[in-house]
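Observations on the three-dimensional arrangement
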Amino acid sequence: LSLLASGLRARGDLEQALEVIGRAKAHVERSKISEVPRRQELYAVYWREGIILGEEDAVSLGRWKEAAASFERSLAVIEPIVEQ
């Protein structure tokens, strides 16, 4: 779903990309996989959500504050793994 959202964004279908990345996020958030893979997946989903919402100088919705929040969540979720 995450890769599908990226493809939709690339072709300019931003609202659909945001809907699909939301589904991907919900799927990963409720998944029962172990902690490290789950965090890695959440990182990727939150990062892609940020790109869809507001990547600078790229195809995005221009929703900068929401994008910043998604990027911050992506970094917060991966930080414990990086620090190990």
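Residues numbered from 1 in each chain as written. Predicted model: local features only at pLDDT ≥ 70, side-chain atom pairs only at ≥ 80, totals over all residues. Heavy atoms only, no water.

Notes on helix α4 (residues 64-82)
- Its 19 residues place the ends of α4 26 Å apart at the C-alpha level, agreeing with the 27 Å of an ideal helix rising 1.5 Å per residue.
- Looking at the buried side of α4, the elements it contacts are α3 (35-54). (Helix = DSSP H or I, 4+ residues; strand = E, 2+ residues; numbered from the N terminus. Expected span 1.5 Å × (residues − 1). Contact = heavy atoms within 4.5 Å.)

Observations concerning the packing of helix α2 (residues 14-29) against α3
- Between α2 and α3, whose axes approach to 10 Å, the crossing angle comes to 160°. Taken together, the axis directions place α2 and α3 in an arrangement best described as roughly antiparallel. Read as a crossing pair, α2 and α3 show a hand that is left-handed. Of α3, the residues touching α2 (which contributes L14, A17, L18, I21, A24, K25, V28 and E29) are R38, E41, L42, V45, Y46, R48, E49, I52 and L53. (Axes fitted to C-alpha atoms, helices over the stretch in contact; angles between N-to-C directions. Parallel < 35°, antiparallel > 145°, perpendicular 65-115°, else oblique. Left-handed = near helix turned anticlockwise from the far one by under 90°.)

Concerning the pattern of salt bridges
- Tallied over the entire structure, the rule returns seven salt bridges.
- The residue D13 makes a salt bridge to R11 at a minimum N-O spacing of 3.7 Å.
- Two residues, E35 and R39, come together in a salt bridge whose shortest N-O distance is 2.8 Å. Taken as a pair, E35 and R39 lie in helix α3 at a separation of four residues, close to a single helical turn.
- Three or more residues joined by partner-sharing salt bridges are found here, namely K25, E49 and R73. (Salt bridge = Lys/Arg side-chain N within 4 Å of Asp/Glu carboxyl O.)

So, helix α1 (residues 2-10)
- Among the residues of α1, those classed as buried are S2, A5, L8 and R9. The arc that holds every buried residue of α1, seen down its axis, measures 115°, which confines them to one face. Counted as exposed and oriented over 90 degrees from the buried face of α1: L3 and A10.
- Residues of α1 that are buried make contact with α2 and α3.
- G12 lies just past α1 and shows a positive phi near 95°. (Buried < 20%, exposed > 50% of the residue type's maximum accessible area, 1.4 Å probe, protein only. Arc of directions from axis to C-beta.)

Structural notes on the packing of aromatic side chains
- All chains considered together, the criterion is met by two aromatic pairs.
- Ring geometry for Y43 versus W47: centroids 6.0 Å apart, planes at 25°, classification stacked. Of this pair, Y43 and W47 both sit in helix α3, separated by four residues, roughly a single helical turn.
- Assessed through its relative accessible area of 28%, Y43 is described here as partly exposed.
- The partly exposed category is assigned to W47, whose relative accessible area is 33%.
- Ring geometry for W47 and F71: centres 4.5 Å apart, planes at 55°, overall tilted. On the criterion of sequence distance, the pair formed by W47 in helix α3 and F71 in helix α4 is long-range, its members being 24 residues apart.
- An aromatic cluster is present here, built from Y43, W47 and F71 joined pairwise through their rings. (Phe/Tyr/Trp six-rings, centres within 6.5 Å; stacked < 30°, edge-to-face > 60°.)

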